[in-house]
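# Chain and residue survey
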Amino acid sequence: MAESDTFRVRIHDLLPETDDIRLLDLRADKSELPPFTPGAHVDLVLPGGLVRSYSLLNAPDERHRYLIAVARDRASRGGSTYVHDVLVPGMSVDLRGPRNNFKLDETALHSVLIAGGIGVTPLIAMAHQLAALNRSWRMHYCSRGQSVAGFVPLLKSFGDCVDFWFDDLTDGRLLDIEQIVAASPSNSHFYCCGPRPMLDSFKAAVAHLPQHRVHTESFAPSQAAATAGGFMLKLVRSGMELPVPLGRSILDVLLEAKIDVPCSCMEGVCGTCETTVLEGVPDHRDDVLSQAEKAANKTMMVCCSGSQSSRLVLDL
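The text that follows walks through the structure, step by step, so that each part is easy to find.

What counts, and where the lines are drawn
- Each chain has its residues counted from 1, running along the sequence as written.
- The model is predicted, so local features are restricted to residues of pLDDT at least 70 and side-chain atom pairs to those at 80 or more, both for listing and for counting; the totals for chains, interfaces and linings are taken over all residues.
- Think of the side-chain values as coming from all heavy atoms in the structure, minus any hydrogens and water.
- Using a grid of 1 Å spacing that covers the protein atoms alone, one calls a set of points a cavity when a 1.4 Å probe fits there but cannot get out, and a pocket when the set is open and has protein on both sides within 12 Å along at least five of seven lines; lining residues are those with an atom within 4 Å of a point.
- Grid points are joined across faces, edges and corners, and a volume is the space filled by probe spheres set on the points.
- A run of DSSP states H or I qualifies as a helix once it reaches four residues; a run of E qualifies as a strand once it reaches two. Both are numbered from the N-terminal end.
- Gly is put with the polar residues, along with every residue not named as nonpolar or charged; the nonpolar set is Ala, Val, Leu, Ile, Met, Phe, Trp, Tyr, Cys and Pro, and the charged set is Asp, Glu, Lys and Arg.
- Each nonpolar core is a collection of buried residues, namely Ala, Val, Leu, Ile, Met, Phe, Trp, Tyr and Cys, held together in the definition by side-chain atoms within 4.5 Å.
- Only protein chains enter the area calculation, which uses a 1.4 Å probe; residues under 20% of their type maximum are buried, those over 50% are exposed, and those in between are partly exposed.
- Whether two residues are in contact is decided by their heavy atoms: any pair within 4.5 Å suffices.
- Two strands are counted as paired when DSSP detects at least two bridges linking them.
- Structural elements are reduced to axes, namely lines fitted to C-alpha atoms, with helices fitted over the stretch in contact, and the angle between N-to-C directions of any two is expressed from 0 to 180 degrees.
- A helix's residues, less one, multiplied by 1.5 Å, set its expected span.

### Remarks on the layout of surface pockets
When its volume is computed, the second largest pocket comes out at roughly 800 Å³. If you trace the second largest pocket, you find 27 residues lining it, with Val214, Thr216, Val288, Leu289 and Ser290 closest to the centre. At the level of elements, α5 (196-205), β11 (214-218) and α7 (291-296) are the ones that each hand at least two residues to the lining of the second largest pocket. Among the residues forming the lining of the second largest pocket, the class breakdown is 8 nonpolar, 11 polar and 8 charged.

This is the structure in structure tokens:
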């Protein structure tokens, strides 16, 4: 099954992990689900064209189910509200994926997992895998307070491998990521998923490390989408040339031209719309590709990135 294929699953159970987090247990009737690796996510395809990405948090060797957690977003564009207010056990939903832009290096001598809030979900799958492989690892899980933190009993089952940092018990002091990095064994790999301020602190703390040992995933964009326009798109497979005007993204233009492009977050953080670049120089604005991948200009996220050249040739 290709990552872009859609398949149907049934909501086996839907549990309140906290007041604002719902845990969905998704299963396929009479068949195994596609395999996934730690850090992967699936796209939940909802009515009305809504597509939202959620990390898989269960152990990767579980082929009979996917577990995802959906936090209620007060500024929801429809996705989390639909999950919380409409979905119930027994209903069927469509998925795409799994896809992994946040891969675990299972060969690392030591792994450090740093999570903030709902950003803990992909790191839970990593913890399951590291524990199963008997690898050396440690997680630092931050939340505003234990009463609003999800998955505390599960994480406590990993014993001393997990440290908890609750703001309401630390007088507002933030986790000292720089100290954690400095105290970690040499050649450790570092992973972080959480809110933007945490990711910014993390990136500053690991800036001196080799890029292959640093891994991040973001739920919010670090920069605004490119909407300056003023360039032409050439679509090789479709045989179309399309102007991108001021105020429009590449994805806007593609969708208006009825070009079928998988997309989800619309902000350059999920990787769903990654597209092959055949010619031209993209203006990369995503939080998925590494700096080396951006410099290679072989692919781009068309939802948020633009063009530095007057023409951009895409494999669409």
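### A few points about the nonpolar core
Grouped together as the largest cluster of nonpolar side chains are 27 residues, with contacts concentrated most on Leu113, Val120, Leu123, Trp137, Met139, Phe151 and Leu155. Contributing elements (two or more residues each) for this core: β2 (21-27), β5 (66-71), β7 (110-116), α2 (121-132), β8 (136-143), α3 (152-156), β9 (162-166) and β10 (189-194). Apart from the residues lying within four places of it in its own chain, the contact partners of Met139 are Leu113, Val120, Leu123, Ile124, Ala127, Leu155, Cys161, Val162 and Asp163.

### Quick look at the sheet that holds strand β3 (residues 41-45)
The strand order across the open sheet built from 6 strands is β4-β3-β6-β1-β2-β5, with neighbouring strands paired in antiparallel fashion. Of all the strands in the sheet, the pair left with one neighbour each is β4 (51-55) and β5. Across this sheet, the average inter-strand angle for adjacent strands is 40°, counted without regard to direction. Judged from the 7 bridges that link them, strand β1 (residues 6-18) and β2 form a sheet pairing that is antiparallel. When the sheet's bridge partners are listed, Arg10 is paired in β2 with Arg27.

### Some details on α2
When the terminal C-alpha atoms of α2 are compared, their 17 Å separation across 12 residues agrees well with the 16 Å that a helix rising 1.5 Å per residue should span. When α2 is considered as a whole, its buried residues turn out to be Thr121, Pro122, Leu123, Ile124, Ala125, Met126, Ala127, Gln129 and Leu130. At the exit of α2 stands Asn134, carrying a positive phi of roughly 60°.

### So, empty space enclosed by the protein
The rolling of a water-molecule-sized probe over the atoms marks out the regions of remaining empty space. Going through the model one piece at a time under the given rule, you end up with 1 cavity of 30 Å³ or more. What the largest cavity holds in volume is close to 40 Å³. Surrounding the largest cavity, Asn101, Thr216, Glu217, Val269, Cys270, Asp287 and Val288 form its lining. Taken together, the residues that form the lining of the largest cavity break down as 3 nonpolar, 2 polar and 2 charged.

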